[in-house]
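One-letter residues, chain by chain:
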Amino acid sequence: MDNLFSLQGATVITILGMATVTWLCRMTGYALARRIAITGRAKAALEAMPPAILTAIIAPMAFSEGIPEATAAAVTVFAALRLPTLVAVAAGVATVVLMRQIPF
Amino acid sequence: MMTETDRQAPNTIRSGFWADAIRGLIDISPLMAGAAPFALLLGSLAVQKGLSPAEVTLMSFTVYAGSAQFIAIDIWQTPVPILAIVGTTLLVNLRHLLMGAALAPHLGGLSPMGRFLTVSIHSDETWAMALRRAQTHGSPGVTPGYIFGVFVLFYLQWPFWTCVGAISGGVVDDPAAFGFDFVFPAVFITLVIGFWRASRQTLVVLVSLGTALLAYHLIEGVWYIFLAGLAGTVTGGLLFKGEGVSHG
């Protein structure tokens, strides 16, 4: 493979641009939140962030992909309500693998 | 690795560091197993698009953001549409503005350098584990050891498997074949349930879910993550009824 270590100018600039905007996103919210005293309503909003963002990230993956994924997501939700985390994850993954064998 | 502080500190603190690190590693391990096939796939797709293994590995080291990288590789062509790729990356990663803010109250147990590194390389997965730890053990539970265990190997494996995928090419054609693609949503669902169990923020979750699905179908691109995250966050703020009153 001749180009194993090749680094092209435009490609490297694009990659570093991607890295810079990503790092700025990671840092900016943190830096702002550290400078502002967070109490009351803002604190409640901050506490709502983890479930809100986690849900936002996975919603289409879980409920818009198709019947196997939606079923597996539902199985994972119910399993997670009563069983240990790893068991719930395994149940969800097993469900999606099995359901994908069925032609819809 | 022995540092100056390790030598001076009593044994209990040192064993605490490694015990926490192992705990963190155990907590993140299912997500590591779920992410590895995607890094392999990313590497092989990037090479097909004309990037060299060195270039895509550099991308995984410096950008370190799975969804943004897949989208970038998808729209990659020659000549490289630099602005389109960087702009899309910014859009996909806007959620880190919110995620970084949510980390801020919980990193008091780390050194300034530890905080800087943690915020610089947080991913969806490692961020979620850190916040989960803060929820179950309180902010003091987010120890240097725990963060070390969750963050370091998870970070390093991403460029590592990207490089392996780029050099070998096509090791993993389809992570979906063995359900690897569903490990990530499944773990995140259990995390949402965990947060819900602690705070009963049912409305927050439902608003976020509804907004995400609507935006996903109605708006071109990846706005849905940021919009839905913001909608759920604002809902949490609106439900605030005064100190000491829990919201539902």
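Only a predicted model underlies this, so the values are computations on that prediction, with no experimental measurement involved.

## Remarks on the interface of chain B and chain A
Each partner contributes residues to the interface: chain B has 87 residues there, and chain A has 68 residues. Between chain B and chain A, a total of about 6,600 Å² is buried, with carbon and sulfur atoms accounting for 76% of that surface. Counting across the interface, chain B meets chain A through one salt bridge. Counting every contact that joins chain B to chain A gives 15 residue pairs in polar contact (both at pLDDT 80 or more). In terms of residue count, helix H10 (residues 180–199) of chain B provides more of the side of chain B that touches chain A than any other element does, 16 residues in total. Residues of the side of chain B that touches chain A, tallied by class, amount to 60 nonpolar, 20 polar and seven charged.

## A closer look at the packing of helix H3 (residues 53–62) of chain B against helix H9 (residues 144–168) of chain B
Helix-helix packing: each pair is described by the crossing angle between the helix axes and the interaxial distance. All names here are of chain B. Two elements in contact, H3 and H9, have axes separated by 8 Å at closest approach and are oriented at 165°. It follows that H3 is roughly antiparallel to H9 by the angle criterion. The crossing of H3 and H9 is right-handed. Contacts between H3 and H9 involve Pro53, Val56, Thr57, Ser60 and Phe61 from the former and Tyr155, Leu156, Trp158, Pro159, Thr162, Cys163, Ala166 and Ile167 from the latter. The class makeup of the residues in the contact of H3 with H9 is 10 nonpolar, three polar and no charged.

## Notes on the packing of aromatic side chains
Residues and elements named next belong to chain B. All told, the structure shown has 10 aromatic pairs over all chains when counted by the stated rule. Each ring, one from Phe17 and one from Trp18, has its centre 4.9 Å from the other, and the planes form 80°; the classification is edge-to-face. With a relative accessible area of 39%, Trp18 lands in the partly exposed category. Centroid distance Phe61 to Tyr155: 6.2 Å. Interplanar angle 70°. Geometry classified as edge-to-face. In this pair, Phe61 is assigned in helix H3 and Tyr155 in helix H9, connecting sequence segments 94 residues apart. Under the relative-accessibility criterion, Phe61 is labelled partly exposed at 39%. Tyr155 sits in the buried class, given a relative accessible area of 15%. Members of the aromatic cluster, each reached through a chain of ring pairs, are Phe17, Trp18 and Phe148. Between the NZ or CZ atom of Arg133 and the centre of the ring of Tyr146, over which it lies, the distance is 4.3 Å. In this structure, Arg200 packs its charged tip against the face of Trp196, placed 4.3 Å from the ring centre.

Thresholds applied
- Residues numbered from 1 in each chain as written.
- Chains lettered and ligands numbered in written order.
- Predicted model: local features only at pLDDT ≥ 70, side-chain atom pairs only at ≥ 80, totals over all residues.
- Heavy atoms only, no water.
- Contact = heavy atoms within 4.5 Å.
- Buried area = accessible area lost by both parts, 1.4 Å probe.
- Salt bridge = Lys/Arg side-chain N within 4 Å of Asp/Glu carboxyl O.
- Polar contact = N/O pair within 3.5 Å; in protein donor to acceptor, adjacent residues only side chain to side chain.
- Helix = DSSP H or I, 4+ residues; strand = E, 2+ residues; numbered from the N terminus.
- Nonpolar A, V, L, I, M, F, W, Y, C, P; charged D, E, K, R; others polar.
- Axes fitted to C-alpha atoms, helices over the stretch in contact; angles between N-to-C directions.
- Parallel < 35°, antiparallel > 145°, perpendicular 65-115°, else oblique.
- Left-handed = near helix turned anticlockwise from the far one by under 90°.
- Phe/Tyr/Trp six-rings, centres within 6.5 Å; stacked < 30°, edge-to-face > 60°.
- Buried < 20%, exposed > 50% of the residue type's maximum accessible area, 1.4 Å probe, protein only.
- Lys NZ or Arg CZ within 6 Å of the ring centre and 35° of its normal.

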